[in-house]
Amino acid sequence: MPVLGLKVDIDTFEGMRSGLPRIVEILSSRGIPASFFISFGPDRSGLAVLQLLRPRFAWKMLRTNAPSTYGLKTALYGTLLKAPMIGCAFPERLRELDASGHETACHAWDHRLWQDWLPFMRAASVKAWLERMTAAYRDVFGRAPGAFGAPGWCIDGRVLGLIPGFGFSYLSCTRAEAPFVFAENGMIEVPSNLPCIEEVGTGGVLHALEQGVSSPVPQVLPVHTEVEGGRFGHDFEIILEKALSLGYTFSKLSGIASGLDRETLPVRPFRMGWVHNRAFKCAV
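Just so we're clear, the structure is a prediction, and the values are computed from it rather than from any experiment.

(A) Highlighting the overall build of the protein. From N to C terminus, the protein includes twelve helices and twelve strands. Taken over C-alpha atoms, the radius of gyration comes to 17 Å for the protein, in line with the 19 Å a tight globule of 284 residues would show. Along the three orthogonal principal directions, the C-alpha set of the protein runs to about 50 × 40 × 40 Å. Across the protein, contacts joining residues at least 24 apart in sequence account for 76% of those joining residues at least 6 apart. If you sum the accessible surface of the protein, you get close to 11,800 Å²; carbon and sulfur atoms cover 58% of it. Averaged over its 29 positive side-chain charges, the protein has a centre that lies 6 Å from the centre of its 27 negative ones.

In structure tokens, the structure reads:
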């Protein structure tokens, strides 16, 4: 049977506050497990305004109707409004999520900083960012995190060199077509190989699910709590129902990773490339 994993990123305060409960409700009503990658630190989404000078980013904001999708307050956090903490502000909610059987993993400390400025961050700053993120995870859950998914699928050689020191069992940092082993550190990568709603619309996701059903490669759908837990909630339900009708078996990403045969996976270095309708290059 075809396998489908849901990689659910919590990127914003609003996604944590109101999007997460709705996503969990939608999943629970169908008995579907998911993997939640959590941003713990400040929501400085308002700093994205600095990227509007880039035509691809400006077009994405127009195409996705960003004010309606993310909300006005989110667009002002970190600029005119104080940046609220994301996961760190909701420890009990995260513990409930974990206790319900979903996978919890690390996504970010300061999501906006990493996504926009990683190439310009010093190695010491990258390490400190990772340390704050993993410490926040331990403070909430009382254990070390098992996985990391980089914000915006942005990584570099420094990141891959530092990551093994944090004890993750696998990574989900790219938009590659299939799992592989990073040549830089020997770690297994479980990529998001399906498009998300913001890139291709609901119809595009449904088409990708139809195309992937015959593939022996596990399919991983990227989901965002502020999107599918917001105005695209009904669309998310349509997507899940389609996947069920196609015969997909849902698995947490940790289950996908543990089921892979490392000896048969390709080993290669990461590379950056364009993904359709993404504003910036991603690791692929």
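(B) Fine view of the environment of V126. Mapped onto the elements, V126 comes out in helix 7 (residues 123-141). Considered as a pair, V126 and V159 are 33 residues apart in the sequence and their alpha carbons are 7.3 Å apart.

(C) Local environment of the pairing of strand 3 (residues 103-108). Burial of strand 3 is extensive: six of the six residues sit out of reach of the surface. One ladder, built from five bridges, connects strand 2 (residues 35-39) with strand 3; its direction is parallel. Residue S39 lies in a different strand from strand 3, and its bridge partner there is A108.

(D) A look at the packing of helix 1 (residues 13-28) against helix 5 (residues 91-99). Following both chains from N to C, one finds helix 1 and helix 5 inclined at 20°, their axes separated by 12 Å at the closest point. The angle between helix 1 and helix 5 falls in the class roughly parallel. For helix 1 against helix 5, the interelement crossing comes out left-handed. Between helix 1 and helix 5, the residues in contact are M16, R17, S18, L20, P21 and V24 and R93, L94 and L97, respectively. Its residues assigned to classes, the contact of helix 1 with helix 5 shows six nonpolar, one polar and two charged.

(E) Local environment of the pattern of salt bridges. Inspection of the entire model under this criterion finds twelve salt bridges. Residues R278 and E199 are paired through a salt bridge, measuring 3.3 Å at the closest nitrogen-oxygen approach. Taken as a pair, R278 in the loop between strand 11 (272-273) and strand 12 (282-283) and E199 in helix 9 (residues 197-212) lie far apart in primary sequence, 79 residues in all. Taken as a pair, R278 and E199 share a single burial class, namely buried. It is possible to trace a salt-bridge network through shared partners that takes in R30, E237 and E241.

(F) Region of the structure containing the confidence of the model for the protein. This prediction gives the protein a mean pLDDT of 92; 90% of its residues lie at or above 70. The secondary-structure element of the protein with the lowest mean pLDDT is helix 2 (residues 55-63), recorded at 47, while strand 2 shows the highest, at 99. Between residues 51-59, whose pLDDT stays under 50, and residues either more than four places distant or in other chains, the model counts 16 contacts.

Conventions and cut-offs
- Residues numbered from 1 in each chain as written.
- Predicted model: local features only at pLDDT ≥ 70, side-chain atom pairs only at ≥ 80, totals over all residues.
- Heavy atoms only, no water.
- Helix = DSSP H or I, 4+ residues; strand = E, 2+ residues; numbered from the N terminus.
- Rg over C-alpha atoms; globule rule 2.2 N^0.38 Å.
- Contact = heavy atoms within 4.5 Å.
- Areas by Shrake-Rupley, 256 points an atom, 1.4 Å probe, with all protein chains shown as cover.
- Lys, Arg positive; Asp, Glu negative; His and termini not counted.
- Charge placed at Lys NZ, Arg CZ, Asp CG, Glu CD.
- Buried < 20%, exposed > 50% of the residue type's maximum accessible area, 1.4 Å probe, protein only.
- Pairing = 2+ DSSP bridges.
- Axes fitted to C-alpha atoms, helices over the stretch in contact; angles between N-to-C directions.
- Parallel < 35°, antiparallel > 145°, perpendicular 65-115°, else oblique.
- Left-handed = near helix turned anticlockwise from the far one by under 90°.
- Nonpolar A, V, L, I, M, F, W, Y, C, P; charged D, E, K, R; others polar.
- Salt bridge = Lys/Arg side-chain N within 4 Å of Asp/Glu carboxyl O.
- pLDDT = per-residue confidence, 0-100.

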